[in-house]
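# Observations on the model geometry
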Amino acid sequence: MTVGTGQATCHHGEILQGVFLDERGRPTRGLVTLPMAEPRTRAVFTPFSARAPRHVVVDPPDRAKAARAAELAVRECARVAGVPWVGGFLSVRGGARPGLGMGSSTSDVTAAVRAVAAGLGVELPPESVARVAVAAEGASDPVMFGDRPLLFAQREGRVLEELGPALPEMAVVGCLTGSGQPVDTLSLKGNARRGDIAVYERLRAALRTAITEADVAGVGHVSTESAILNQRVLPKDELGTLREAARECGAVGIQVAHSGNVAGVLFDAAAPGLVERLEAAVDRLEAAGLTPHRVFSTATGSGALPAVADPSARPVLTGVTSTPTPSTPAPPPSITSEPPWTTTFPKPSPDPT
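Below or above, wherever it landed, is the structure these notes cover.

What counts, and at which threshold
- Residues numbered from 1 in each chain as written.
- Predicted model: local features only at pLDDT ≥ 70, side-chain atom pairs only at ≥ 80, totals over all residues.
- Heavy atoms only, no water.
- Pairing = 2+ DSSP bridges.
- Helix = DSSP H or I, 4+ residues; strand = E, 2+ residues; numbered from the N terminus.
- Right-handed = clockwise from strand over helix to strand, strands pointing away.
- Core = buried A, V, L, I, M, F, W, Y, C linked by side-chain atoms within 4.5 Å.
- Buried < 20%, exposed > 50% of the residue type's maximum accessible area, 1.4 Å probe, protein only.
- Contact = heavy atoms within 4.5 Å.

### Examining the pairing of strand β4 (residues 88-94)
- Sheet topology places strand β2 (residues 27-47) next to β4; seven bridges connect them, and they run antiparallel. In the strand pairing of β4, A43 is matched with V92.
- Note that strand β3 (residues 56-59) and β4 share four bridges and pair parallel. By the bridge assignment, D59 is partnered in β4 with S91.
- Viewed along the sheet, the connection from β3 through helix α1 (residues 64-81) into β4 turns out left-handed.

Set out below in structure tokens:
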């Protein structure tokens, strides 16, 4: 046993969420998340000796779901690999603000499980991590599977369908609705109506086609329709404003957190005049009283700097790149640098050196 580390990304709400048919034809709640590379949670697990208590102590104490997941991960490692069942000290840092619909708890939980597995020298597949996550938090997002576009049963921790190799790259102007107030995800009880499954299965097929054909506009259409359908579960007064901003700025659509208050205006990252369109969207949202909080890419390895929910400083959208600091490890060489138009609010201050 040794000190183990793990990390996991968050996401920016969903492209699609509803009720679908699983492989046996049973109605099952599922979702497809909108990926982003940052913010991410980083966890460190230090195992106790075999003679010490078998509980996990977490810092900070409010990351209780991560502690629960760490204990479940120890049991899973003991079951599959025969390693000692031990307790330990778990440090969790980073991640997104809770309650915004960005998968903050799943990011914490996934990072914790990965840290435990690393500390105990056990490799847990994503399917096992997903089962532990659901057991620890009641419902989970599919961040443990990476950025692949998956239809994921969030309350069962299993993949319903892999929709394609990757989403076509989109640029997203992310903002906060509902004054950025947190939402209790597990308290939302969406009631299925007659005909819902047919509607969501149609959107599922449309999204599969759009991903296969790298059709950004098709993805935007599905995401917008899903956001509209979600109004009966978690209404957003600003939905009309978001749609208007998308139309005025040449976006392909909008997306929302179906159980939180983040939302985004979606653009084709290859569209001409992209920077001007992004700047126009930021201006339009700010003028409407919404709170832009990041501009990011959905491409693997790309994303914004850690989120800052404070729009008091208006950033410039050109020439902004992420510079690793001693507290932020540089990405692996295989990860591409982020596009020059990504940023957060407010714009990070330049290094005084």
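### Focus: the nonpolar core
- With 37 residues, the main nonpolar core has F45, C77, L90, V113, V116, L120 and L124 as its most contacted residues.
- Contributing elements (two or more residues each) for this core: β2, β3, α1, β4, α2 (104-120), α3 (126-137) and β5 (150-153).
- Apart from the residues lying within four places of it in its own chain, the contact partners of L124 are E76, C77, V80, V113, A117 and V129.
- If you look at the next biggest cluster of nonpolar residues, it comprises 30 residues, including C10, V32, V172 and A257.

### Topic: the environment of A166
- Here A166 lies in the loop between β6 (158-162) and β7 (170-176).
- When neighbours within four sequence positions are excluded, A166 is seen to be in contact with P149 and I211.

Purely geometric stuff here, so don't read any function into it on its own.
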